[in-house]
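Letter by letter, the chains look like this.
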Amino acid sequence: MFSLIAAEAANPLIDQELAFIIMLAIAALVAIIVRYIRLPYTVALVLVGLALSFFPDFLDVNISTELILAVLVPPLLFEAALHLEWSKFKKYLVEILLIAIVGTLIGSFIVALSVTRVLPNINLGIAVAFGALISATDPVAVIAFFRALGVSKRLAFTVEGESLFNDGVAIVVFNIALAAGILIEKPGESYAFNFLESLQEFAIVAGGGLLIGAILGYIVSFFILKNVDDHLIETAVTLCVAYGSFLLAEYFGKIMGFDDSFHFSGILAVVAASLFVGNIGRINTSPSTRVTLDNFWEFLSFVVNSFVFLIIGLRIDIRLFQENIIPILLAVGAILVSRLVVVYGLGGLYGVVRPKHHIPFKYQHIMFWGGLRGAISLALALALEEKWLAEGLNPDVSDTLLVMTFGVVLFTLLVQGLTISGLIRRLGLIKTDERRDTQYRHQAEIYAKRAGQEEMGKLREQGIISSELHAALNAVYDKEIAQARTHLQQHLVAYPELEQEMIVQARTDALRAERVAIADAGRRGLISAEMQEALLTEIDNRGAALNIIKASNGASDMGGDA
Amino acid sequence: MIVCATRGGEASRAVQQQAIAYALKEDESLMFLFVADETQYGAIGGGLRSAFKAELLWMAETLMTLLQKRGRSAGIGTNYRILEGNVKEQIVAYLREQRPELLFVGAPRGTTSDIIGDDEIEQFALEIEKETGVKVIVARPDVE
């Protein structure tokens, strides 16, 4: 009924618009529902997508590789890298790159060898391509758990950093291996694997992508974000960088007017550009721009992520699972073994080489089980099928690999995605802040007892309880509230920074309310647009000042004594 | 007049209470003194500097208003002053100008006690006494 790419429709634009709105509405609905059930948002979207896939006429989404890789993935990677603080990120860069680059290469070959042993009609080239596409991790659900539960920065950085870089690495390896796989398969063609040549190609494509992204990110950060003070223009420019870096890298030969096939890694270009914009450009913008920028990218990431996971559910055809159960189980086993070898093997090696920076075993368990697969794997499997069939090769091979990808993606999302939070808890990786918990408990006690006291007052007014009983209850409540307040005060004496945080939080809420009021006054024409802009900037500056106070932990000023 | 140099908050409740009790006993007015020193937060970018200062003063105003209310509830005449700059320099200048009877300062508490140690606050008090001639009392919770 509604097609995202509906060439056959009478009015394809309206049809696409309708599909977009329906998917957005479904995503919003799912986001509301998951507030009340214990299910990760991304997993819920996949399940809804799977359910909808049984009604192909309702939402006939025609997903292409380009739609995922060139339209949906760049903003996701850009947003993820935008908030990675380089000063902290670089501390873990060696382990991230080790697992992202070496790990992806090793993982690809382990999966490839497993596949070729069991499925003899699959040549090593195409098997490595499959190994690469299935090695790209997509830990959106895991990162969401990290944020919700609060785990160590190192674990979060390593998992997120690995996924940012291994996507690009996987695509480069995939393209090289797929080209080889097709050559091996084609009658009359011969292919001789040359390790150095492949390594050289890998270095050029990956390095070129990073370089293009870095140059674009640098130019935009220093020449536009630093000098142009307009939140709308600056936000628009970041969107151009996100997509522009991808397109320039991927279509470098075509854009520059020489060999069309000459390209670099678009994914790595996006990551590099975003790291520059996030660490240089963003900090040189005004607080107003930062607010707009963060809100825009948060929203875009929500929309795109929602689409990606809904599309995964819609695209996976579970009806094919029954007849392909053996290859699927093989693929699931292969990715688990390869992940095991990569995480524990490289993790162990890293610990031997850099003992002071050893990755704790508990972190390695999460890195192993948190290696979920998602959009990149799906997009590359679709690309594999497309290119394989375009060469007129045996469709059984690409069909099998596609369904194996479906199986792995679904297994990791549903099984690993639903159990990872339990594992995080079981391993005791949730950072608990007893100071804050105690503060919240005392505050909640006061809040709850006041509510009880108010209710007693209502009961007395309604004549349900006598004034005498009310007075007695009230006195008990007063005593309990006083006790809770004393405990809170004592706690704040011991931890003055908590009181500072309370003040800053209250002030932040107040500033937010002021902002809304000014925007409202502007909309209603009570103040001019210029005045509105000036006042909003002032409030945003005050908000940024509050963040500095907050970041300094306040202990040096308002909490203590002279 | 009694002066109580404080930064507000629960951590300085001891010094506030001792100063209020003393002012009540001696039937003196009480002046709460807050010194906002923005340099303690490191270098603040040019564009943000005025907003930062304004926000620091806004918070000081809130905390001092709270203290004023506490003092007045206790039945004493209470006021407050917010000064900007180096804490010691500003306190010394204010004491020289106002010549109060007594200055109360608090010993740092809880997690802030490692910022200014106990010896340092004693030294701080001695220096102020020496420079201004105003008697300084370091308030500790155990003396409440």
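Scroll up a little and you will see the structure.
Residues numbered from 1 in each chain as written. Chains lettered and ligands numbered in written order. Predicted model: local features only at pLDDT ≥ 70, side-chain atom pairs only at ≥ 80, totals over all residues. Heavy atoms only, no water.

Trainee: I'd like a description of the packing of helix H18 (residues 434-461) of chain A against helix H20 (residues 496-523) of chain A, backed by residues and values.
Mentor: Residues and elements named next belong to chain A. The contact between H18 and H20 brings their axes to 10 Å, and the two run at 60°. By the criterion of interaxial angle, the relationship of H18 to H20 is oblique. Of the two possible hands of crossing, H18 and H20 adopt the one that is right-handed. Across the interface between the two elements, Arg435, Arg436, Gln439 and Gln443 from H18 touch Glu497, Leu498, Glu501 and Met502 from H20. Among the residues forming the contact of H18 with H20, the class breakdown is two nonpolar, two polar and four charged. (Axes fitted to C-alpha atoms, helices over the stretch in contact; angles between N-to-C directions. Helix = DSSP H or I, 4+ residues; strand = E, 2+ residues; numbered from the N terminus. Parallel < 35°, antiparallel > 145°, perpendicular 65-115°, else oblique. Left-handed = near helix turned anticlockwise from the far one by under 90°. Contact = heavy atoms within 4.5 Å. Nonpolar A, V, L, I, M, F, W, Y, C, P; charged D, E, K, R; others polar.)

Trainee: With reference to specific residues and values, describe helix H17 (residues 395-426) of chain A.
Mentor: All names here are of chain A. Here H17 is 32 residues long and its end C-alpha atoms lie 45 Å apart, about the 46 Å a rise of 1.5 Å per residue gives. Most pronounced at Ile420, the bend in H17 amounts to some 35°. For H17, the side-chain oxygen to backbone nitrogen distance between the N-cap and Asp396 is 3.0 Å, and the N-cap itself is Asn394. Directly beyond the C-terminal end of H17, a positive phi value near 70° is found at Gly428. (Expected span 1.5 Å × (residues − 1). Bend = angle between axes of the 7 residues up to and from the residue. Polar contact = N/O pair within 3.5 Å; in protein donor to acceptor, adjacent residues only side chain to side chain.)

Trainee: Which residues make up the pairing of strand E2 (residues 30-36) of chain B, and what are the values?
Mentor: All names here are of chain B. Taking burial as the measure, the seven residues of E2 include seven buried ones, the bulk of the element. Neither face of E2 is exposed, since Leu30, Phe32, Phe34 and Ala36 on one face and Met31, Leu33 and Val35 on the opposite face are all buried. Alignment of strand E1 (residues 2-5) against E2, held across four bridges, turns out to be parallel. Within E2, the position partnered with Cys4 by the bridge is Phe32. A crossover links E1 with its parallel partner E2, the connecting element being helix H1 (residues 13-26), and its sense is right-handed. One ladder, built from seven bridges, connects E2 with strand E3 (residues 78-84); its direction is parallel. Residue pairing across strands places Leu30 opposite Thr78, the latter belonging to E3. (Buried < 20%, exposed > 50% of the residue type's maximum accessible area, 1.4 Å probe, protein only. Pairing = 2+ DSSP bridges. Right-handed = clockwise from strand over helix to strand, strands pointing away.)

Trainee: Mind laying out the nonpolar core, listing which residues take part and the relevant values?
Mentor: The biggest cluster of nonpolar side chains holds 144 residues, and the ones touching the most others in it are Phe130, Phe146, Leu155, Phe165, Phe174, Ile312 and Ile424 of chain A. In terms of residues, this core owes the most to one element, helix H8 (residues 153-185) of chain A, which gives 15 residues. Ignoring anything within four residues of it in the chain, the contact list for Phe174 of chain A reads Ala129, Ala132, Leu133, Leu380, Ala383 and Leu384 of chain A. Ranked by size, the runner-up nonpolar core spans 35 residues in total, among them Cys4, Ala23, Leu30 and Leu63 of chain B. (Core = buried A, V, L, I, M, F, W, Y, C linked by side-chain atoms within 4.5 Å.)

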